[in-house]
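Given next are the chains, with one letter for each unit.
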Amino acid sequence: RQFLRGLRTHRNELHHALPQATSCSAICVTSVVPYSSIRSMLCSAPMRAVPSARVGNASSSSARRAMTQRADASQRRHLVASRPSLLSACTLARPLQALMPPTRRAQHAHSPRSSHGARCQALVAGDVTEGDKTEGQYLFPVGPGTRMQVTVSDTEVVLTTTVPGDLILHWGLQVKGSEAWYLPEDSRPEGTVQYKDRALQTPLVAADGYSWLRIALPDKPDATALNFVLKDAGDTWYKAEDGSHWSFPLATSGASSPLAAAPQPPAHQAAAAAPAAQSAPTPAPQTTNKSMPPAPTKVQSSTTKSPAAAPNAADKMPMAPSRQPPAVLPVVNVELQNLWAYRMWEEAGGPNRDYDAQQEEFEVGCKNIEKLLMAGYLMEELWASARGITTFPPPDTPPPLAVKDSPTPITPPTTAPPTPGPPNPPVAVRNAVAVGSPRKASADDAPPKQDQQEIPKLPEAAPELCGIKAYIMWEQAGKPNRTSEEEDREYKRAIEELNKELRAGKTLQEIETALKSPAPASSSSSPPSAPAQQAGPEQMWAPGHSAGGRSDVMSWIESNPCAQGTASPDEGIVQKFLNAENNHNEWTLMHRCNLVKDLLKQTMGMQGAQREATLSALYVYMRYSATRALTWQRNYNTQPRQLSGAMDSLTGTLAHLHGEAGTATERWYIRGILSCIGAGGDGQRIRDDILHIMHRHNIKEQKGTWMEQWHQKLHNNTTFDDVVICEAYLAFLKGHGDNGAYWRVMSEGGVTRERLESFARAITLEPEDFPHCRDGLIHDFKEYLKVLKSVHAGTDLEVAANAARNSGLPDHCRGPLDTVLGNRHHPLTAMSAAVQCRAGLRGSMSGNRSLMYLDLSLEDVIRGCAERSASSVDNLETGSQLFAMLLENLCLSVPLNKELCTSMSDWNNLPEHWWGSKGGALQAVSVVDRVRRALGELSDVMTSNLQTTAERLGNDLNEVADWQTKLFSEEVVRGSAAFAVSLVCTEMDPMLRQVAEMGAWQIISPGKEAVSVGRVLVIDDLHSVQEEVYPENTVMVCQTVGGDEEIPDGVVACFTPNAPDVLSHVSVRARNCEVLFATCYDSNILNEMRAFDGKMLEVTRSPAGDITFKESTASATSSASKPQSANGGVSSVKMVKPEWCKEYAIGMDAFKKGVVGSKSRNLAELRGRLPEWINLPASVAVPFATFEAVLDDAANSAVKTQLASLYAEVETDLSKLEGCAQVVMQLQAPAALKTALDAEAASAGVPWDSADVGHWDKAFAALKSVWASQYNQRAYLSLRKAGLPHAQLCMAVLVQRVVPADYAFVIHTVNPSSGNTNEIYIEMVKGLGETLVGNYAGRALSAIVQKDNLASPEILSYPSKSVGLFVDETLIFRSDSNGEDLEGYAGAGLYDSVPMDHWEERAVNQQSDQLMQNPELRRQVLELVAQVGAEVEKALGTPQDIEGAVEMTADGPKITLVQTRPQM
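This is a predicted model, so every value here is computed, not measured.

Participant: Is there a simple way to think about the overall build of the protein chain in this case?
Facilitator: Helix and strand counts for the protein chain stand at 52 helices and 38 strands. Here the protein chain holds 1464 residues, and the buried ones make up 55% of them. Within the protein chain, residue pairs in contact and separated by at least 24 positions form 72% of the contacts whose partners lie at least 6 positions apart. By element, 50% of the accessible surface of the protein chain is carried by carbon and sulfur atoms, the whole surface being about 61,500 Å².

Participant: Before we go on, may I ask you to explain the pairing of strand β34 (residues 1370–1377) in this structure?
Facilitator: Here is the key point about a regular strand: its side chains alternate between the two faces of the sheet. Of all the eight residues making up β34, eight are buried; the element is thus mostly covered by neighbouring parts of the structure. Relative to β34, strand β28 (residues 1291–1298) runs antiparallel, the two sharing eight bridges. Paired with V1293 across the two strands is S1375, which belongs to β34. As paired strands, β34 and strand β35 (residues 1394–1395) are joined by two bridges and run antiparallel to one another. If you follow I1372 over to β35, its bridge partner there is P1395.

Participant: When you look at the environment of T1235 in this model, what are you seeing that I'm missing?
Facilitator: Assignment of secondary structure puts T1235 in helix α47 (residues 1231–1244). On the basis of relative accessible area, T1235 is assigned to the exposed category, the value being 53%. Between the C-alpha atom of T1235 and that of A1145, which follows or precedes it by 90 residues, the distance is 9.1 Å.

Participant: How do you make sense of the packing of helix α23 (residues 640–660) against helix α24 (residues 664–675) when you look at a structure like this?
Facilitator: Angle between the axes and distance between the axes: these two values describe a pair of packed helices. Contact geometry of α23 with α24 gives a least axis separation of 10 Å together with a crossing angle of 165°. Of the possible angle classes, the one that applies to α23 and α24 is roughly antiparallel. At the point where α23 passes α24, the crossing takes the left-handed sense. In this structure, α23 contributes T651, L654, L657 and H658 to the contact, and α24 contributes R667, I670, I673 and L674. Within the contact of α23 with α24, the residues separate by chemical class into five nonpolar, two polar and one charged.

Participant: Any chance you could explain the pattern of salt bridges here in plain terms?
Facilitator: When their charged atoms lie close together, side chains carrying opposite charge are able to pair. For the coordinates displayed, the defined rule picks out 53 salt bridges. For R1169, the salt bridge is made with E1165, and the minimal N-O distance between the two is 3.3 Å. On the accessibility criterion, R1169 (41% relative accessible area) is partly exposed. One salt bridge connects R1402 with E1400, and the closest N-O pair in it is separated by 3.2 Å. Salt bridges sharing partners connect three or more residues here, namely D929, R932, D989, R993, D1082 and R1339.

Participant: Would you mind showing me how to read the confidence of the model for the protein chain here?
Facilitator: Any segment with low pLDDT has predicted coordinates that should not be analysed in fine detail. Per-residue pLDDT for the protein chain has a mean of 77; in total, 74% of the residues score no lower than 70. Counting contacts from residues 5–129, a segment whose pLDDT is below 50, to residues more than four positions away or on other chains yields 211 contacts. Contacts of residues 253–321 to residues separated by more than four positions or lying in other chains number 107 contacts, the stretch itself having pLDDT below 50.

Participant: Any chance you could explain the sheet that holds strand β31 (residues 1341–1346) here in plain terms?
Facilitator: Strand pairing in a sheet is mediated by backbone hydrogen bonds. Such pairs are either parallel or antiparallel. If you walk across this open sheet you meet the seven strands as β26-β38-β37-β29-β30-β31-β32, and the pairing is mixed. Every interior strand has two partners, whereas the edge strands, β26 (1174–1175) and β32 (1349–1357), have only one. Here strand β30 (residues 1319–1326) runs beside β31; their pairing, made up of six bridges, is antiparallel. Within β31, the position partnered with E1319 by the bridge is Q1346.

Participant: Would you explain helix α46 (residues 1216–1224) in this entry?
Facilitator: An α-helix turns once every 3.6 residues. As a result, residues three or four positions apart point the same way. Turning to α46, its buried residues are L1217, G1219, C1220, A1221, V1223 and V1224. Buried residues along α46 sit against α44 (1186–1191), α45 (1197–1207), α48 (1253–1268) and α49 (1273–1281).

Participant: Mind showing me how you'd approach the sheet that holds β35 here?
Facilitator: The four strands lie next to each other as β27-β28-β34-β35, forming an open sheet whose pairing is antiparallel. Strands with a single pairing partner mark the edges of an open sheet, and in this sheet they are β27 (1179–1182) and β35. Packed onto the sheet, α48 meets β27, β28, β34 and β35 and runs at close to 25° relative to β34.

Participant: I keep staring at the side chain of D721 and nothing clicks. Help me out?
Facilitator: Mapped onto the elements of the fold, D721 is located in helix α27 (residues 721–734). What D721 contacts, discounting residues up to four positions off in sequence, is R628, W632, V751, R755 and F759.

Participant: Help me out: how do you make sense of unusual backbone geometry in this one?
Facilitator: Glycine aside, the phi torsion of most residues is negative, and most peptide linkages are trans. Backbone geometry places H913, a non-glycine residue, at a positive phi of 55°. As for its position among the elements, H913 is in the loop between α36 (898–908) and α37 (918–956). Despite not being glycine, K1142 shows a phi value in the positive range, around 70°. Its place among the elements puts K1142 in the loop between β25 (1107–1111) and α43 (1158–1166).

Participant: What should I look at first to understand the nonpolar core in this one?
Facilitator: Most often, soluble globular proteins keep nonpolar side chains buried together rather than apart. Ranked by internal contacts, the top residues of the largest apolar core, which has 199 residues, are W710, F781, Y784 and W907. With 14 residues, α37 is the single largest residue contributor to this core. With residues near it in sequence (within four places) discarded, F781 still touches I690, I693, M707, W710, C726, Y729, L730 and L733. Among the nonpolar cores identified, the runner-up in size contains 51 residues, and V1190, C1220, L1277 and L1289 belong to it.

What counts as what
Residues numbered from 1 in each chain as written. Predicted model: local features only at pLDDT ≥ 70, side-chain atom pairs only at ≥ 80, totals over all residues. Heavy atoms only, no water. Helix = DSSP H or I, 4+ residues; strand = E, 2+ residues; numbered from the N terminus. Buried < 20%, exposed > 50% of the residue type's maximum accessible area, 1.4 Å probe, protein only. Contact = heavy atoms within 4.5 Å. Areas by Shrake-Rupley, 256 points an atom, 1.4 Å probe, with all protein chains shown as cover. Pairing = 2+ DSSP bridges. Axes fitted to C-alpha atoms, helices over the stretch in contact; angles between N-to-C directions. Parallel < 35°, antiparallel > 145°, perpendicular 65-115°, else oblique. Left-handed = near helix turned anticlockwise from the far one by under 90°. Nonpolar A, V, L, I, M, F, W, Y, C, P; charged D, E, K, R; others polar. Salt bridge = Lys/Arg side-chain N within 4 Å of Asp/Glu carboxyl O. pLDDT = per-residue confidence, 0-100. Core = buried A, V, L, I, M, F, W, Y, C linked by side-chain atoms within 4.5 Å.

Here is the structure:
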């Protein structure tokens, strides 16, 4: 350390004297010379230019400099940005190591900064030197007598080696600005596996005496080199001499490539090189040929001048008016770096600096020089600034994009060549040239000829057009600041766009005219691949597709959303963090991060549901921390670097576990924990930079000032609060010392005066203003805010974007990300681009911390924009765009996303400009209804998974307040992507209803009277009260109605926001009991009605279908006097149990009254009375009382006894009904039953395999299931309510072939809502009809058809069912009891119909269905179904309730009537 300090002190002398010390370098390599002697010897030598030479087997200083000059741009920038102790000695490495003690030398040899990938070391193995290169070829010694040959082209890399055995290449790409290896996804050879997150491992292909491997190069412009080592089957590793990896640069085409040309020495150095070379040792001939290219003939204008000549040159040279970023960054003279750092120190007022601060100041100066060089400043200008001749240029403001002098030539794209065979064995390298020199194209490099139109050769004007195109694209993006890498990408995109136009047939003259002509202000034809231009709030990011149809959202459905079953969090893990929080006297964020990291590792060792439950507990714990419910510092001082290190370690662990998570729910919890903590960043800069700012502006470290109080807090206990404090202080400065602005920002960030005073390093004073340096402070604290956010606010968009750009951000995400950054004040534009960027991240994010943080930040941006925009939605077109983006964003955000993705697909399939018609609005309503249900289910899942854990932990954590516990899951839901979708639904709802002409009410059952009076009762769920008997007339306001409930006794009116099918059981029961039953679509109206809870209300139904209400002064009326009372007005109805006909099975000819129910009888009666195109299914029946006959069989005596015992207790305990059903399933079939069914099925043509035992077992199980369904609670209560004895119930069973139909329908030949006898009411669903009559949420396709105009159906609603039921051709066993079709009593739907083979429940895309996409086909199908209703009603003479199926065939729709019964 003493040596390095002395070295820094005399950096100039060492650097100037070094070129003279070539011979001395040899001494330094082999002996340890006292530092004083070396300093004396070197400082006495005059400065001389650097020759290129080698000394023995080690690199001399001059050789190392030559290698540095030949390195690519990213490597050179790495050297320039290294710490001062190495910067000042980039050319010294080996000689300086020789001056160190042996232990220190060993440590330095393993330092990452000293190894530098082995690119700058010379290793000799025979006549092969590491990195030796011919044109596109490199040789690397790999063990004694063996080597690796690498051949590089523009499209691929071929590696061959003579190392024996089975070999594995351990490799990755070097990317600009990143130390980690980039692991390409799209260019992995067969057999490649990923080694952790660090490298790829690919087996080499064994050939005759050698092994080879071919790697296709990915399309990644910022990939500069390929790094690798070799490994054999015996785990022997082949590495470079110093133990690091080998590396070679990747070939790229075009003059703008960093590898296109090696940096050339300036003229004065070239002139001095000759005499210096004469005194240098002469290397071996082969080494000379391989290490040095021919002397350059052209000197670059931006190369380094000598220090002596710099002042005069700077005086004479004017500042360049236009900037051109150099193709290759020139080598920076160390004296310039020293002078620059000195000027910075002078500008800061000459403060005292400790050693570390001096090093950091030197490094900042080096980075500023690099920025200016990349921005196009000349070296002479920088010398002038460093010497004080001119003012400092602003390093953070790059000049406008200039037209490049030597752009990449526009070349036609080529398709991938066919799969190649093995290359030739390795051969000796000839005609070696310097690494990094441009590679000449050869005929062998030409791609295979393609049958494509040849693109015309570009004239000399083409480079100018590329530059103009790039400049226009930059203007369209709002002229944002660009780094040199971003400018290069933009320039390449411009080239791609010009190529597209040429391929489309445009001439260069047409392109030039278009580019040089001013575009109209309203033009929206921005290049598809360029960042979208800044837009108004109605414009969208649209690179090739619309906002509503960007992505195949169905591919986003999580295949493994969650673990099966339920479990509690691991109690041991929970107790560990509860004990730490409650019992540790010294506790901080750092300790919490370290603890959670350890607990996470334990958690991932668990399995299934318990792992998910434990992750949920850790998420709850960390969210309590993030919301300040838990302390961030207690009796312990944490240095910023310690905290950032703990955060970095935890977030790295989270990213790793995210890649290994087994379910989407696990990933959601891990992602949630990541959102609760900062990324870590460089915590030491928090401590150092505040001091730099204070010293730079002469702000004293003086007690009793606000700045010093904050400074002390930052040094000892920095937290996210410091981000808020910095933002508040910036507002204070910008307001010219406005304390009100300071406290306003504090309050918005959740930092109160009491919180400031509660810190261990309390902030009790008001901030100070410094008018004389206010602008400088604003500039510096803006930069300091970035440092704070990089540590504490990983989800800040700019912080996350900068990190992601250097950590594998996919190229297709860069344009949308730029658009988000440039258009955050245009919500729709920003949201659209953010959603597209999130979609693009989906395949790359797993295990990548930076991309995960970017995804979180984009989600925050979308949510914020949505909350600002939702209230301003004033038309359905804008609402549709906003809804589509937010729904897509939600699909990307939650693990249980199947229903949401299906709904998104439905929304994308709505008709174009749907908002302009009633039909289109009705279709949109169906999708919005579906989304609302999905949001409700999602909210329920989030609440059930989190709230119980939150309450348990909140009660056990001493610091968590009760209100924070109670609101936990609600705040999670409100802060999620789902809340934004809900907001837009609410805003769109009244506009949708207006265009769809829906009104606020839908009457399901009109009730007996136009006016109903009763006491208001507000309930959550109709199912929970269906057994109640209310003593007075009741008006019920019910939040949830499923469709299969009973209407409780005493209810005269029931209102709900749900929309059960008009033909669902609860709807039929409401009409049967003459109860007013209606859906209200306006939440405000329902809330007004809820406000009357407990009061008497008078409800009036108008003929037009509207509902009005007012408080009533009438006294309560007993429900017993009303016809819709406990007996429903049908107590005179009798139900007689029929006798058994002594037959186990019968055909249709025997379908008689008293033998089978009305379903079977009506089918038999319709034979021969309907048109031929209406098909009737082949059927047989199991008659009434067959169940009792089977029960009486001797084999079932025990079952009969057990059933009788359970049934005797049903009257007092309804739960016994379930036991009765289970006992029925234990019945044994008499042989006569199987024989009878075999015979009747064969006679009737019902598919029946009597020889298949498995077939019979499934058939008898389905038959027993129908018999058992008579013991269900809903049927029992319904019969009891109607005054009918359940013991008199008798079940026949209708057996039919199931047609694998596309649609099922139900027809009421009289409109059940209005009672209009001239209207046929139809409901239709995809798949089987069980989704219509069962408890399946959502609407069916419903229509009314006038009997005198069957060809013109009127659509009332479009389908919003989430699922359809489907089954292959099989048999179905339908209930046909004596209690289903009694006059005045609707028993339909109370008992089960069971298929012999289980049906499959599938999510359905309603809007992409053929009936939705083809209006004419929909009309034809509805007309045919209406004709069925008219024909059946005509044949039977009474209104009918009909069920049937539609099969779409090549000859048109095929209609099958399944059953019919009198309409109730």
